Amino acid sequence: MREHAVVVAGAGPTGLMLAGELALAGVDVAIVERRPDQELAGTRAGGLSARTLEILDQRGIVDRFLAEGQTAQVTGFAVMRLDISDFPTRHNYGLALRQKHIERILAGWVNELAVPIYRSLEVTGFAQDDRGVTIELSDGASLRAGYLVGCDGGRSLVRKVAGIAFEGWDPTTGNILAEVEMEEEPPLGIHRTALGIYAFGREEYEIHDGKIVFAKEGPIGVMVPEKNAGAMTEPTLDDLREALIAAFGTDYGLHRVNWISRFTDMSRQAMAYRKGRVFLAGEGEGLEFWDYRAKAQAANALERAIGDAQPCRSLFPGGERHVARSLARHLSCRAPSGCGPRVAHDDGATS
């Protein structure tokens with residue numbers, strides 16, 4: 001049985017960043033990831049905040065991200081654009097960069113740190129004792145670790161097996177997100193209507209004077225509100241067509257869907273971030289943001305893994321959950337509607 005000091009379940013942004021933090025501290029860490037590589041189906045985050053860039057700068061890798069993205073004043077609150085260009089930081093801007101590139105760059109950094117990633121595998125169960133955690137994998141093999149950290153998304157198996165409650169708000173609104181082929185070009189950009197917020201765009205774009213200029217060709221990315229916020233089935237081309245016609249009187253010649261999913265304004269938070277030798281980080285602990293809390297969890301897990309008796313709670317007076325609750329309330333005001341929790345995809349990703 002292979003052994004590590006720490007095993008991280010999930011090679012998304014949180015898992016990769018945590019593994020990098022631990023590796024820098026000399027901790028024997030490994031990642032278990034269900035995907036065969038860092039390729040992402042569909043869309044996820046579209047950029048990095050100033051604070052995230054500062055954290056990456058502290059690790060000496062921010063230039064890798066800046067080289068591939070586009071800086072702009074993208075900070076906002078309740079749909080209002082805020083200019084932070086006079087903030088006292090080297091990174092007084094946001095960075096437009098698709099999550100697939102963010103993950104690829106982070107994975108490259110983690111690879112340089114010689115962190116093993118067990119790909120095409122999932123954590124299917126675990127059992128912990130006083131000395132560590134025995135982790136069951138989808139191929140029938142097992143790993144042994146001093147600690148297990150669940151960075152495996154909003155539907156975290158690690159959280160469920162650990163028996164940690166995941167409380168919060170049920171969805172009140174829902175949206176369909178898709179990449180499609182259309183015979184006619186729709187009006188690119190964001191449109192606020194009586195029926196909700198609609199958006200059309202292309203994956204490739206440039207930012208000029210703070211404005212997005214989309215590529216002239218390529219599939220169309222679409223976001224439309226849907227009537228049933230609690231829908232449990234996968235959306236269809238007909239669902240998307242119906243929503244477009246209701247708002248614009250046309251489906252713009254919609255004839256092919258490359259991928260389609262839905263997201264809602266559901267917001268949940270784990271009632272504990274640790275149970276014995278099992279930690280939660282990222283969307284496994286709450287369907288929101290990853291940079292601040294991933295940093296706190298990385299420090300906490302790191303100190304435990306290297307034998308420090310005191311967890312790193314001093315970083316955040318009142319504890320990590322107090323910070324998470326405050327940030328959740330803050331993000332509720334930042335939501336596109338100006339009210340309600342931040343949107344979360346049904347597969348655990350946020351946007």
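Details of the structure are given in the entry above.
Residues numbered from 1 in each chain as written. Predicted model: local features only at pLDDT ≥ 70, side-chain atom pairs only at ≥ 80, totals over all residues. Heavy atoms only, no water.

The next point concerns the packing of helix α1 (residues 13-24) against helix α4 (residues 99-112). Two quantities define a packed helix pair, namely the angle between the axes and the distance from one axis to the other. Running from amino to carboxyl end, α1 crosses α4 at an angle of 20 degrees, the nearest separation of the two axes being 9 Å. Judged by the angle between their axes, α1 and α4 are roughly parallel. Along this stretch, α1 crosses α4, giving a crossing that reads as left-handed. Contact residues: α1 offers P13, L16, M17, G20, E21 and L24, while α4 offers Q99, E103, L106, A107, W109 and V110. In terms of residue class, the contact of α1 with α4 is made up of eight nonpolar, two polar and two charged. (Axes fitted to C-alpha atoms, helices over the stretch in contact; angles between N-to-C directions. Helix = DSSP H or I, 4+ residues; strand = E, 2+ residues; numbered from the N terminus. Parallel < 35°, antiparallel > 145°, perpendicular 65-115°, else oblique. Left-handed = near helix turned anticlockwise from the far one by under 90°. Contact = heavy atoms within 4.5 Å. Nonpolar A, V, L, I, M, F, W, Y, C, P; charged D, E, K, R; others polar.)

Counting across every chain of the model gives six aromatic pairs. Ring geometry for Y205 versus F214: centroids 6.3 Å apart, planes at 65 degrees, classification edge-to-face. Taking relative accessible area as the criterion, Y205 reaches 17% and is therefore assigned buried. Judged by its relative accessible area of 21%, F214 falls in the partly exposed class. In this structure an aromatic cluster arises from ring pairing among Y198, F200, F248 and Y252. We note R159 situated over the ring of F166; from NZ or CZ to the ring centre the distance is 3.6 Å. (Phe/Tyr/Trp six-rings, centres within 6.5 Å; stacked < 30°, edge-to-face > 60°. Buried < 20%, exposed > 50% of the residue type's maximum accessible area, 1.4 Å probe, protein only. Lys NZ or Arg CZ within 6 Å of the ring centre and 35° of its normal.)

You can see D265 is positioned in the loop between β19 (254-264) and β20 (267-270). R268 is the oppositely charged side chain nearest to the buried, salt-bridge-free D265, at an N-O distance of 9.7 Å. Side chain to side chain, D265 and T172 meet in a polar contact 2.3 Å long. Within the structure, the side chain of D265 is placed 3.2 Å from the backbone nitrogen of T173, a separation counted as a polar contact. (Lys, Arg positive; Asp, Glu negative; His and termini not counted. Salt bridge = Lys/Arg side-chain N within 4 Å of Asp/Glu carboxyl O. Polar contact = N/O pair within 3.5 Å; in protein donor to acceptor, adjacent residues only side chain to side chain.)

The next thing to look at is unusual backbone geometry. Phi angles above zero are rare outside glycine, and A114 is one such case at about 65 degrees. Note on placement: A114 falls in the loop between α4 and β8 (117-119). Judged by its relative accessible area of 62%, A114 is exposed.

By themselves these figures say nothing about function.
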